[in-house]
Each structure stands twice: as structure tokens, then as C-alpha cells.
Amino acid sequence: MNGRSLKIKKGRVGRVGAIAECTFLESVRDRTLSVPVLLAGLMIGGALFTRTLSLGQQAKLLQDFGLAGICFFSDVLVILAVTATLARGVDRGTVFPILTRPVPRGELILGKYGGVLAVVVLNIVAVLAGLHVALFLIGAGGSSGILWAAALSVVEVAVVGSLAVLFSVTCSPVVAMVFAGLMMFIGHATADVRELAARIGEPWAQTIGELFYYTLPNLEIFDVRAAAVHGYPIDSGYLIWAFLYGILYAAVVLWVAIWIFGRRDLA
Amino acid sequence: MDAIRTENLSKRYQGLRTVAHALSGLDLEVSPGEIFGYLGPNGAGKTTTLKLLMGLTLPSSGGAWLFGRPVGDPRARQGAGFMPEHPSAPGHLTCEELLTLCGRLSGLSRSGATRRAKHLLERTGLEEAARKRMHCLSKGMLQWLGLAQALVGEPQVLILDEPMSGLDPVGRRRMRDIILEERARGTTVFFSSHILADVEMICDRVGILLRGTLVQCGQLSRILNRRREGAEIRVTNLPPDVAERIVRMGAGIRRFGEETLIELQDGDGIDRVLQWTADAGARVQAVVPHRESLEEFFLEQVRCRTPEPAGFEGSGETGETSGARAMAATVLEPRERTESRESSARRSSR
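Residues numbered from 1 in each chain as written. Chains lettered and ligands numbered in written order. Predicted model: local features only at pLDDT ≥ 70, side-chain atom pairs only at ≥ 80, totals over all residues.

## Considerations on the overall build of chain B
- Looking only at helices and strands, chain B has 12 helices and 14 strands in total.
- Within chain B, the proportion of its 350 residues that are buried is 42%.
- Taking contacts inside chain B between residues at least 6 apart in sequence as the whole, the part at least 24 apart equals 68%. (Helix = DSSP H or I, 4+ residues; strand = E, 2+ residues; numbered from the N terminus. Buried ≥ 20, exposed ≤ 12 C-beta atoms within 10 Å, placed from the backbone. Contact = placed C-beta atoms within 7 Å.)

## Notes on the interface of chain A and chain B
- Tallying the contact residues gives 32 residues for chain A and 32 residues for chain B.
- Within the residue set of the side of chain A that touches chain B, elements represented by two or more residues are helix H1 (12–29), helix H3 (58–92) and helix H4 (96–99) of chain A.
- For the side of chain A that touches chain B, the element with the most residues is H1 of chain A, which contributes 7 residues.
- Broken down by class, the residue content of the side of chain A that touches chain B amounts to 15 nonpolar, 6 polar and 11 charged. (Nonpolar A, V, L, I, M, F, W, Y, C, P; charged D, E, K, R; others polar.)

## Some details on the packing of H3 of chain A against helix H5 (residues 105–137) of chain A
Residues and elements named next belong to chain A.
- H5 packs onto H3 with a crossing angle of 160° between their chain directions and a minimal axis gap of 9 Å. For the element pair H3 / H5, the angle class is roughly antiparallel. Classified by chirality, the crossing of H5 by H3 is right-handed. In this structure, H3 uses Ala 59, Leu 62, Gly 66, Gly 69, Ile 70, Ser 74, Leu 77, Val 78, Ala 81, Val 82, Thr 85 and Leu 86 to contact H5, whose residues at the interface are Lys 112, Val 116, Val 119, Val 120, Asn 123, Ile 124, Val 127, Leu 128, Leu 131, Ala 134 and Leu 135.
- In terms of residue class, the contact of H3 with H5 is built from 17 nonpolar, 5 polar and 1 charged. (Axes fitted to C-alpha atoms, helices over the stretch in contact; angles between N-to-C directions. Parallel < 35°, antiparallel > 145°, perpendicular 65-115°, else oblique. Left-handed = near helix turned anticlockwise from the far one by under 90°.)

## Quick look at the sheet that holds strand E2 (residues 19–30) of chain B
- Sheet architecture is open: 4 strands sit in the order E2-E1-E4-E5 (chain B), paired in antiparallel fashion. Of all the strands in the sheet, just E2 and strand E5 (69–70) of chain B have a single pairing partner and so form its edges. (Pairing = 2+ DSSP bridges.)

## Looking at the sheet that holds strand E10 (residues 213–219) of chain B
All names here are of chain B.
- Taken in spatial order, the 6 strands make up an open sheet running E6-E7-E8-E3-E9-E10, and their pairing is mixed. Strands with a single pairing partner mark the edges of an open sheet, and in this sheet they are strand E6 (80–83) and E10. For this sheet the average axis-to-axis angle between neighbouring strands, irrespective of direction, equals 15°.
- The sheet contact formed by E6 and strand E7 (residues 157–161) spans 4 bridges and is parallel. Residue pairing in the sheet places Phe 82 in a bridge with Ile 159 of E7.
- On the sheet, helix H4 (residues 139–151) packs against E6 and E7 and is oriented at approximately 170° with respect to E6.
- Strands in contact with helix H10 (residues 294–305) are strand E3 (35–39), strand E9 (205–210) and E10; relative to E9, the strand with the most contacts, it is inclined by about 25°.

## A closer look at the pairing of strand E1 (residues 4–14) of chain B
Residues and elements named next belong to chain B.
- The pairing of E1 with strand E4 (residues 61–66) spans 5 bridges and is classified as antiparallel. Residue pairing in the sheet places Thr 6 in a bridge with Ala 64 of E4.
- When E1 meets E2, the two strands line up antiparallel, connected through 8 bridges. Looking across to E2, one finds that Thr 6 is bridged to Leu 28.

Shown next as C-alpha cells:
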């Protein structure tokens, strides 16, 4: 190869896709990230041996455990994967081969986020398949409710992942992991915090409660496990609203992360 | 259009109570196709400059351009290749995967990037390590991989931070050859280095940075004093009376068995000494004229501009000299000093 003879293909999508592909490979090869998946599998496997404890509700128990495992361990996985690839990447300079190309910093964020999300979705699909195999073994079947519950778990993962990205571009890897983990727990309690603030009765408490409710992610809205396990119908309007909320929330958080990252010294 | 241009480029780091000026008012132009050596002691601001040029660090004031594009524009990096001082990459990717990724991000198609990756792995001697993951590579291999990823996009300007660092002499020779090959292709090369011998061998121009300020910049042949300052003459079978005559004229003599080393401080005495040795039937083995080396020039710059450290005592040296010596000592390893003198001598004798 000599001279300036290389044909250059332009494309933001191509660059983001290339970064996402390599992030996917990195995450899949990182054995520490398989731990949450294994734990989710253990949860489901453990539930198989609860026939005597389940009082004839083994299928419901399995579905509940399975969906809870998918939700919780997927959140943990996305936090670990994002901080490993992004926070640690910035800290150790392993993102420099990317950032010294004609790649805007925002595309790095989107590519890393997309790659991690792909890994987590793959893991959710794998665990879901394992859950269905377990249900089949005990003579029970799956339902559309389980699939919708898993789908909303994916949206929850997208939201938690976006928060992990935000903390990864602003903090050290460990701090990012801790903050993202805290948000994961707080996100399931925002409605309770709002209600508690309302019960205090003071205007300042109500203001703080409202502020928390509308700025912190409300992850409870993605939890339809109870309806799925008990076979109650899930309103399609609710599903659409939950999806839109999650996608919009993640998009806004990612936009803020990209804005901050673009103004940061990386070295 | 300059390949690299900076105007009043500055970088300050604000602490709680202090401000550190990593770079102050850098005005620099690097022409297309030249090799520019960027020198300075540790902490002078060389790496800061390179990272500002690549957009990894944001300037506090001033500006920088790569082929006319401001460095803040990602498109400025389309024609640039950067090799950091400590190359690193995601640990679970293989060498080939990393280079393919870099190629795709530089705008190549997947197949084009794969071909380019294979070509560069061969060029940098890493073809055996193509499928090795990053965390299995040695420091030297990482250095070569760092160069390979800088070359992926066939850059018009190569920006290298200490490219010789961690390489053995064979590796350093190979690195110099690659830099010269790139220059022959029309690539501009801008690199920082502590190894002055390598800089003196291949650079067209050098710049010396001290405490964030560019103190010298220009062509090597102009900034170095090229007057013959002295010489070393190695002879065998030199009669004692001739040796005495040489000593009386002010030269130094050292004997190593049958060989005698004559050290002349004044270049004008060379012809006389050669005449005497020829008349006496002694055999001249080598004549090595001494010219001011880049190392000597660099040390002089550091000495002149180093302030006296507070509270320094004991050696009898002035604070300025001892401070400069300490600063300069961080620049060169002892064997590099010897090597630079030897290579300077070899070059002068050609």
C-alpha cells in the first residue's frame, strides 16, 4: 500500500457500529461479567428444587424468581460492563486509540453504550430461555406477560446503563459503580420518597419530593412482574408509556453525558 | 499550509490554591513533510502539547491547527496518527481487532481495514502476535502496536510521544527507519523524545521546551554550532618525542597499549599533528572531529534557564549549575549519553 490511496467511507453509523461491535467483543470476553448471568441462572435453578416449599405454586415462584433475577442481575451487569469499558477505559487511556481518530466523543459514548446494551440483551435472552426451559421441566408454560416483563427489564437496563454512562464520564470507575448502584436502588423507591415527603406536610419537603420524583429515574414503572406472574392482563397503553418514558429518560441522560464528556480533559 | 500550527497555545491546571502552567503561549509551525523533534526535560510540557494537538486535552487559551483545521474539530484527526507514550488498548481485543477497529474509524471499509491491519502487523514485526490479546503483550510489543495504530489511516501527520521509549537498540533503529520511510512518503512527523542521539540523526528541525515555554526552535544545522571545535586522533606506534611535542602544543594524550589517543581542543592543530605523525611513521587509525552535539546544546539551554533552587548547598556548584545538572540528568540515561557521544563521533567522521 503506498500513497494516499485508501478509500474512505464516511458514516457516523458505521463508526458507532464499529465501536459497539468491539465493545460487545470485549464485554463477552470479560469473564467477570458472566458472574451476574450465572447467578441469575442459579436463582432459576434453585427455584426448581422448591416444590415442597412452593405449596403448589412452583410455576409462579419460578416465574417470579426468574423475572426478578433477570431484572436485578441485568442491572448489575450493565453497571459493571459500562464502568469497565468506559470509566476504566478513560482512566487507563484505553479509549485513546478511538478518540485519536476522527471520531466525535459522543460517538464513543453511543458506541460503548450500544455494545454493552447488546451484551446485556443477549444475556437477558439467554436467561429467559433458561427460564422457559425450567418452566417446561415442571410442566408449566410461558406467557406473553413474561415476555413483556422481560422487555420492560431491557428498558430498565437502558435507563440504568445511561446513568452508569453519566457517572463513568464524570467519576472514577469505582465511584461510578457505586453511584450507579445507588441509583438502581433509589430508582425503585422514588414513588415512596414522594409519598413520604407529601406526608411530612411541609412545602419544602413536598418540593424536594417532587424534584426527586421527576429527576431521578422511576424504575418501578418497568416492574410488571406481579401482573405477569399472576396472569393479569397488562395494558398496552401502559406498556407504550413505560417504553417511551424509559427511552426518553435514557436519551436525555446520554445527551447530558455526551455534553459533559465533550468538555472534559481526558489526559 | 502548515501541517501543525499553534498560536499562543496554553494549558493551565487549576488546583484549590495553586495554578500549574503546563504550557505557556506556544507559537509553533511545522511544515509539511518535515521531521520535527520536540525536546525537553521531564515535566516540560511535551506530552501536554501532543495531547492538545490530538484533542485529548482542551486548551486554556490559544489555538492549534492540523492542516488548517482546528484541533477541536474531529475532522482534523482524519489526516493525523497519534502514538501515546504508553500505548494501551482494551485488554480483551487482539492486535488485529484493534487495528481493524482503528481502520474502520479512520473511514476504511471492514475488508480494507482488515487488509491494512495485516499489512501493518507485518511492517511492525507483530504478525506472530496478530491474534494475541492486549494484556498478553510485552511493553515493546505494545510500543510497536502503538505505532501501527498511528499508521492505520495513512496519516499526513504523525504525532509520536516518545516513540523510542522501551525499545532495544535494534528496535530504535527500526523505528528511526520507519519514521524516515514515512517522511519519504511525504508524511510530517512530529515527535517528542529524550534520546537526543536519535533526534539528531533524523530530525530536520527541533524545538526545546522548558517549563512550558518554547525556548529554542529551528533547523539543527543552524542552532548547533557547526564550527570544528576539536578532534580526537587515534594513532599507533607514536614515538615518545612526537607525543611530547603534541602535548607541548596543548593537546591531551592517552595511551592504550600500542594505541595513542590524541585529544585536540583546537581544530586548527589537526593538520600539524597529522603531519608530525606521518613524518614519524606512525599509523593514523581514525580522525574524529568534535562538533557541538545536540546534547551539549540542550544541556546548555537547560543550564542557562534553570533558576537556583532554594536551600541547595554542599556541592560547591552554584545552584544554577546543580539544578541544571539535576534537570538534565533526568533527561538522559548514562548509556544514552555515551551512545550520543559515540554516534556523534561516528557521524562526524563520515
